[in-house]
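Architecture and fold: a report
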Amino acid sequence: MESKLYLPPPEVRGMTSLNKEAFTQTVTVPALRVSTQVLNKVVKRLTKSILKCPGISRVVQDKESEDFRLVLLDPRRVTSADSFSEAEAEALGSFDVSQELLHYEVKLTYDNLKSEEVLEAVLPPGQDVTSGFSRVGHIVHLNLREHQLPYRNLIGQVIMDKNLGVTCVVNKTNIIDSTYRVFEMEVLAGEENMVAKVKENGWTYEFDFSRVYWNPRLSMEHQRVVQEVKRGDTVFDVFAGVGPFAIPAARKGAQVLANDLNPESYRWLQHNSKLNKVVDKVKAFNVDGRAFIQGTMREELPALLKAKTTVHVVMNLPALALEFLDAFRGLLHQEPPCDENLPTVYCYGFSKDDDPEKGMVERASRSLGFPLEHRCSVRLVRNVAPNKNMMCVRFTLPKEVLFSQDHDHTELPEEPAPKRHKCEETAVLS
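Residues numbered from 1 in each chain as written. Predicted model: local features only at pLDDT ≥ 70, side-chain atom pairs only at ≥ 80, totals over all residues. Heavy atoms only, no water.

What follows concerns the sheet that holds strand E3 (residues 68–72). If you walk across this open sheet you meet the four strands as E2-E3-E1-E4, and the pairing is antiparallel. The open sheet has two free edges, formed respectively by strand E2 (59–61) and strand E4 (102–108), since each of these has just one partner strand. Across this sheet, the average inter-strand angle for adjacent strands is 45°, counted without regard to direction. Here strand E1 (residues 25–35) runs beside E3; their pairing, made up of five bridges, is antiparallel. (Pairing = 2+ DSSP bridges. Helix = DSSP H or I, 4+ residues; strand = E, 2+ residues; numbered from the N terminus. Axes fitted to C-alpha atoms, helices over the stretch in contact; angles between N-to-C directions.)

The subject of this paragraph is helix H5 (residues 219–226). Where burial is concerned, most of H5 is hidden: six out of the eight residues are buried. Residues of H5 that are buried include every one of Ser 219, Glu 221, His 222, Arg 224, Val 225 and Val 226, and no others. (Buried < 20%, exposed > 50% of the residue type's maximum accessible area, 1.4 Å probe, protein only.)

Let us now look at the pattern of salt bridges. Per the stated rule, a full pass over the model turns up 14 salt bridges. A salt bridge links Lys 20 to Asp 161; the shortest N-O distance between them is 3.4 Å. Here Lys 20, found in the segment before E1, pairs with Asp 161, found in helix H4 (residues 152–162); they are 141 residues apart in sequence, far enough to count as distant. Given a relative accessible area of 36%, Lys 20 falls into the partly exposed group. On the accessibility criterion, Asp 161 (30% relative accessible area) is partly exposed. The shortest N-O distance in the salt bridge between Asp 326 and Arg 290 comes to 2.6 Å. One end of the pair, Asp 326, is in the loop between strand E14 (311–315) and strand E15 (344–351); the other, Arg 290, is in helix H8 (residues 289–306), with 36 residues separating them in the sequence. The same class applies to Asp 326 as to Arg 290, namely buried. (Salt bridge = Lys/Arg side-chain N within 4 Å of Asp/Glu carboxyl O.)

Residues Ala 196, Val 198 and Glu 200 point to one face of strand E9 (residues 195–200) and are all buried, whereas Val 195, Lys 197 and Lys 199, pointing to the other face, are not buried. Looking at chain direction, E9 and strand E10 (residues 203–208) are connected through six bridges and run antiparallel. When the sheet's bridge partners are listed, Lys 199 is paired in E10 with Thr 204. Connecting the antiparallel pair E9 and E10 is a turn made up of two residues, with Asn 201 showing a positive phi of about 50°.

For the rest of this paragraph, the subject is the sheet that holds strand E5 (residues 134–136). One open sheet accounts for four strands, arranged E5-E6-E7-E8; its pairing is mixed. At either end of the open sheet lies a strand with only one pairing partner, and these are E5 and strand E8 (185–190). Ignoring which end each strand starts from, the neighbouring axes of this sheet average 25° apart. Where strand E6 (residues 139–142) and strand E7 (residues 168–172) come together, four bridges link them in parallel fashion. Looking across to E7, one finds that His 141 is bridged to Val 170.

The subject of this paragraph is the nonpolar core. One finds Phe 236, Val 313, Met 315, Leu 325, Phe 328 and Leu 402 to be the most contacted residues of the largest nonpolar core, which totals 42 residues. Of all the secondary structure elements, the ones that give two or more residues to this core are H8, E14, E15, helix H9 (356–368), strand E17 (388–396) and helix H10 (399–402). With six residues, H8 is the single largest residue contributor to this core. Apart from residues no more than four positions distant in its own chain, Leu 402 is found in contact with Leu 301, Leu 305, Phe 328, Gly 330, Leu 331, Leu 332, His 333, Leu 342, Pro 343 and Leu 397. (Core = buried A, V, L, I, M, F, W, Y, C linked by side-chain atoms within 4.5 Å. Contact = heavy atoms within 4.5 Å.)

This is a description of form; function is not addressed.
What follows is the structure, encoded as structure tokens:
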């Protein structure tokens with residue numbers, strides 16, 4: 001609703017503890033007196049002029065007669081009989097409905113307001129209002145700005161009230177930790193249950209949102225990559241998280257070797273493999289990404305190449321993944337080179353470059369030690385922040401890299417945490 005219909009009481013401005021009763025207000029709206037015999041037809045013809053307000057009936061009983069109803073109109077569109085369009089006026093005439101406007105008092109309460117309306121009324125004028133957020137199952141995740149923090153508990157309560165099924169609202173209190181891709185959070189409203197259950201592209205995932213990485217905005221990207229996977233393919237997921245690439249790929253009939261350094265992600269990956277009935281298709285690992293490439297991948301690739309199996313390598317750790325590409329240099333230096341069925345790599349990265357596509361190609365080439373220009377494709381995944389994009393570079397792993405005899409690797413940082421060497425196919429959460 002616009003301010004012409006609802007003018008928030010001055011006393012709600014600056015409120016930090018939610019008082020729902022303070023938002024109650026009575027407004028007067030125009031109405032037409034309509035016979036019950038033509039009521040439905042009239043309502044259909046007045047779609048543009050009728051009052052639309054959450055929780056408010058657009059048709060009410062006429063106190064003077066059981067045979068009539070009052071059709072409530074939007075005062076922002078209808079101020080007089082002349083406000084009706086030619087088609088509306090013609091319809092009213094054909095149904096013998098008087099265009100005389102009556103007045104009806106409507107009681108608006110907190111329940112009739114949208115979340116942004118409540119917050120606009122509370123926060124200081126001219127300041128940003130929280131209307132966008134990420135939802136993960138029953139949890140809403142906010143990233144509040146400094147000026148919103150004094151109102152954070154009220155904001156949390158409003159978001160929870162206005163979104164069906166939300167029982168917990170949290171605010172991020174620091175940047176994502178590059179070790180396990182998790183961040184500290186503060187519960188603003190509701191329960192402190194952080195174990196979420198979400199559906200994505202038809203598959204179910206469960207995980208502790210406070211201890212693993214999950215981004216609901218990557219749903220389409222997960223689907224896009226998995227669409228390239230066919231039954232019988234093999235997928236190496238280097239930074240697998242709780243399985244948003246691994247699980248659907250396995251459901252398509254691929255063999256998946258999925259790794260994540262975070263022990264919690266590793267546990268929930270196993271759990272989700274069982275939940276989605278792909279335990280026999282997903283082998284889970286809990287090691288550093290570089291160790292996974294130079295250990296498990298190096299061991300598995302020769303047989304896969306010999307069998308001409310299509311191989312996909314997913315590297316979704318945008319803050320660091322490009323730095324891990326050097327691990328492929330000389331990975332199979334002891335094997336006879338081949339030209340066919342070389343692995344396809346999907347490597348993600350953040351870019352602040354003026355030309356992000358060019359920047360991604362240059363960084364990937366530098367890490368691989370081989371030029372990828374004209375040998376790869378780069379696409380925008382999503383805009384993360386002003387002048388910061390998440391990109392994906394896709395390329396066939398060059399044989400000059402994979403079978404290189406010059407396999408000395410520049411010392412680059414591993415994922416910044418102690419390695420956890422685990423491999424387990426069937427263990428699940430207790």
